[in-house]
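Observations on the model geometry
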Amino acid sequence: MKIAFIGGGNMAGAIIGGLIRQGFQPDGIRVAEISAENRSKLGSRHGIACHEDMAPCVDGSDVVVLAVKPQQLPSVAQELAPRLVDQLVISIAAGVRATDLSRWLGGYPRIVRA
């Protein structure tokens with residue numbers, strides 16, 4: 001399984017750390033993060049691939065975890081929508097309804113809100 005994280009802040013880092021501690025292989029995790037400092041921290045701490053652009057993370061992934069601030073989600077969803085094929089999208093953004101996220105993703109149905 002390949003998991004793409006969009007956003008590489010504290011919540012994503014905590015989830016990634018937990019996945020790896022539970023035996024998930026680092027080569028199955030990719031992160032799209034705009035901050036070079038966060039990319040560097042995550043990459044060195046967990047041995048995972050981190051990119052500035054979401055395309056190399058999302059393409060070929062099975063799951064996409066949206067770990068960005070709620071106010072960033074509409075623009076992230078607009079950029080993400082054309083890249084989605086059949087991935088499960090999991091949002092950890094506080095206060096964002098799944099129906100809104102689906103609308104921002106052009107009606108994409110495979111969404112879980114956590």
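Placed above this text is the structure.
Below is a summary of the structure that appears in this document. (Residues numbered from 1 in each chain as written. Predicted model: local features only at pLDDT ≥ 70, side-chain atom pairs only at ≥ 80, totals over all residues. Heavy atoms only, no water.)

The next subject is the side chain of Arg-39. Along the polypeptide, Arg-39 turns up in helix H2 (residues 36-46). Comment: no salt bridge for buried Arg-39; closest opposite-charge side chain is Glu-52, at 4.3 Å. If we ignore the near neighbours within four places in the chain, the residues touching Arg-39 are Glu-33, Ile-34, Cys-50, His-51 and Glu-52. (Helix = DSSP H or I, 4+ residues; strand = E, 2+ residues; numbered from the N terminus. Buried < 20%, exposed > 50% of the residue type's maximum accessible area, 1.4 Å probe, protein only. Lys, Arg positive; Asp, Glu negative; His and termini not counted. Salt bridge = Lys/Arg side-chain N within 4 Å of Asp/Glu carboxyl O. Contact = heavy atoms within 4.5 Å.)

For the rest of this paragraph, the subject is the pairing of strand E2 (residues 29-32). Of the two faces of E2, the one carrying Ile-29 and Val-31 and the one carrying Arg-30 and Ala-32 are both buried. Examined bridge by bridge, strand E1 (residues 3-6) and E2 share four bridges and lie parallel to one another. The residue of E2 that forms the bridge with Phe-5 is Val-31. As a crossover connection, the stretch from E1 through helix H1 (residues 10-21) into E2 is right-handed. Where E2 meets strand E3 (residues 49-51), three bridges bridge the pair, whose relative direction is parallel. Paired with Ala-32 across the two strands is His-51, which belongs to E3. Remark: the E2/H2/E3 crossover connection has right-handed handedness. (Pairing = 2+ DSSP bridges. Right-handed = clockwise from strand over helix to strand, strands pointing away.)

Glancing now at H1. Note that an α-helix has 3.6 residues per turn; residues three or four places apart therefore point the same way. A rise of 1.5 Å per residue sets the reference length of H1, with its 12 residues, at 16 Å; its end C-alpha atoms lie 16 Å apart and thus fit the reference within 8%. Within the span of H1, buried status applies to Ala-12, Gly-13, Ile-16 and Gly-17. Down the axis of H1, the buried set is contained in an arc of 130°. They therefore lie on one face. Exposed residues on H1 whose side chains face more than 90 degrees from its buried face are Asn-10, Met-11 and Arg-21. Count one or two residues on from H1 and you reach Gly-23, which has phi positive near 105°. (Expected span 1.5 Å × (residues − 1). Arc of directions from axis to C-beta.)

This paragraph deals with helix H4 (residues 73-80). Of all the positions in H4, only Leu-73, Val-76, Ala-77 and Leu-80 are classed as buried. For H4, the angular spread of the buried residues around the axis is 100°, confining them to a single face. If you follow the buried residues of H4, they end up packed against E1, helix H3 (55-58), strand E4 (63-66), strand E5 (88-91) and helix H5 (98-104).

Turning next to the sheet that holds strand E6 (residues 111-113). Here we have six strands laid out as an open sheet, ordered E3-E2-E1-E4-E5-E6, and parallel in their pairing. Here the strands that pair on one side only, and so sit at the sheet edges, are E3 and E6. Across the sheet, the mean angle from the axis of one strand to that of its neighbour is 20°, orientation sign disregarded. Sitting on the sheet, H1 touches E1 and E2, and the angle it makes with E1 is about 160°. (Axes fitted to C-alpha atoms, helices over the stretch in contact; angles between N-to-C directions.)

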